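# Tertiary structure, described
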Amino acid sequence: MTETLLPDVNRADCPSRAILEHVTSRWGVLVLAALLERSYRFSELRRHVGGVSEKMLAQTLQALERDGFVHRDAKPVIPPRVDYSLTPLGHDVATQVHTLAHWVESKVPDVLEANTTYDATRA
């Protein structure tokens, strides 16, 4: 009889680690948070998420689509039009990371102060 292990993020071979990496990467968080607002075309999303390269955005969207968080809607028109939106599962995870991202934003002054204090004691 084969033992079935429950997912445990602390296990090195747990598949949840790859999913966690996709949704908590810098670009994953920002893409999910943006798509929580509305659907975007690729170029719109790239402009909205400042600093992301075309390659990184494509890789991030592909990973999130593969995990079932993002829906890619390619319309057969000329020029081609591709829209990205959240799936119901994607909406769930985007809500979570959006909350975290806004918490981090609100704590930037506290963290910068902690950085200054830490650096001053190490100088």
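None of the values given here were measured: they were computed from a predicted structure. (Residues numbered from 1 in each chain as written. Predicted model: local features only at pLDDT ≥ 70, side-chain atom pairs only at ≥ 80, totals over all residues. Heavy atoms only, no water.)

### Examining the overall build of the protein chain
Counted only if it meets this: Strands here mean DSSP runs of E at least two residues long; helices mean DSSP runs of H or I at least four residues long; both are numbered from the N terminus. Computation of the radius of gyration draws on C-alpha atoms, with the globule rule given as 2.2 Å multiplied by the number of residues to the power 0.38. For the exposure calls, accessible area comes from a 1.4 Å probe over protein chains only, and a residue counts as buried if that area is under 20% of its type's maximum, exposed if over 50%, partly exposed in between. Residue contacts are defined here by distance: any two heavy atoms, one from each residue, within 4.5 Å place the two residues in contact.
Counting its regular elements, the protein chain contains six helices and three strands. Starting at the N terminus, the α and β elements of the protein chain follow one another as α-α-β-α-α-β-β-α-α. Relative to the globule expectation of 14 Å for 123 residues, the C-alpha radius of gyration of the protein chain, 18 Å, shows a markedly less compact shape. Based on the C-alpha atoms only, the size of the protein chain along its principal axes is roughly 60 × 55 × 25 Å. Taking all 123 residues of the protein chain together, the buried fraction comes to 24%. Considering only residue pairs separated by 6 or more positions, the protein chain has 43% of its internal contacts joining residues 24 or more positions apart.

### Focus on the side chain of Thr87
You can see Thr87 is positioned in the loop between β3 (81-86) and α5 (88-106). Once you skip the residues sitting within four places of it in the chain, Thr87 turns out to touch Gly68, Phe69, Val70 and His71.

### As for helix α4 (residues 54-66)
Quick note on the threshold: Take the number of residues in a helix, subtract one, and multiply by 1.5 Å to get its expected span. By construction, the arc corresponds to the directions joining the helix axis to the C-beta atoms.
Spanning 13 residues, α4 covers 18 Å between terminal C-alpha atoms, matching the ideal 18 Å at 1.5 Å per step. Inspection of α4 places Leu57, Thr60, Leu61, Ala63 and Leu64 among the buried residues, and these make up the whole buried set. Angularly, the buried residues of α4 cover 165° about the axis, an arc narrow enough to put them on a single face. In α4, the exposed residues that point more than 90 degrees away from the buried face are Lys55, Gln62 and Arg66. Those residues of α4 that are buried lie in contact with α1 (16-24), α2 (26-37), α3 (42-48), β2 (70-75) and β3. Downstream of α4 by one or two residues, Gly68 has phi in the positive range, about 90°.

### Considerations on the sheet that holds strand β1 (residues 40-41)
What counts, and what does not: We call two strands paired when DSSP finds no fewer than two bridges between them. The axes used here are C-alpha line fits, helices contributing only the stretch in contact, and every angle between their N-to-C directions lies in the interval 0 to 180 degrees.
One open sheet holds the three strands; their spatial order is β1-β3-β2, and the pairing between them is antiparallel. Whereas interior strands pair on both sides, the edge strands pair on one side only; in this sheet they are β1 and β2. With six bridges connecting them, β2 and β3 associate as antiparallel partners. By the bridge assignment for β3, Asp73 is matched with Asp83. Contacts between α2 and the sheet are confined to β1, β2 and β3, with β3 contributing the most and set at about 95° to the helix.

### Side note on the packing of α2 against α5
Spelled out, the test is: Each angle gets one of four labels, with under 35 degrees taken as roughly parallel, over 145 as roughly antiparallel, 65 to 115 as roughly perpendicular, and the rest as oblique. Crossing handedness is read from the near helix: turned anticlockwise from the far helix by less than a right angle, it gives a left-handed crossing, and turned clockwise, a right-handed one.
Look at α2 against α5: their axes get within 8 Å of each other, and the N-to-C directions meet at 110°. With respect to α5, the axis of α2 lies roughly perpendicular. Along this stretch, α2 crosses α5, giving a crossing that reads as left-handed. Together, Val29, Leu32, Ala33 and Leu36 of α2 and Gly90, His91, Val93, Ala94, Thr95, Val97, His98 and Ala101 of α5 make up the contact between the two elements.

### Describing the pattern of salt bridges
Selection criterion: Take a side-chain nitrogen of Lys or Arg and a carboxyl oxygen of Asp or Glu: if they are within 4 Å of each other, that pair is a salt bridge.
As enumerated under the stated definition, the model contains six salt bridges in all. When salt bridges with common partners are traced through the structure, they connect Asp73, Lys75, Arg81 and Asp83 into a single cluster.

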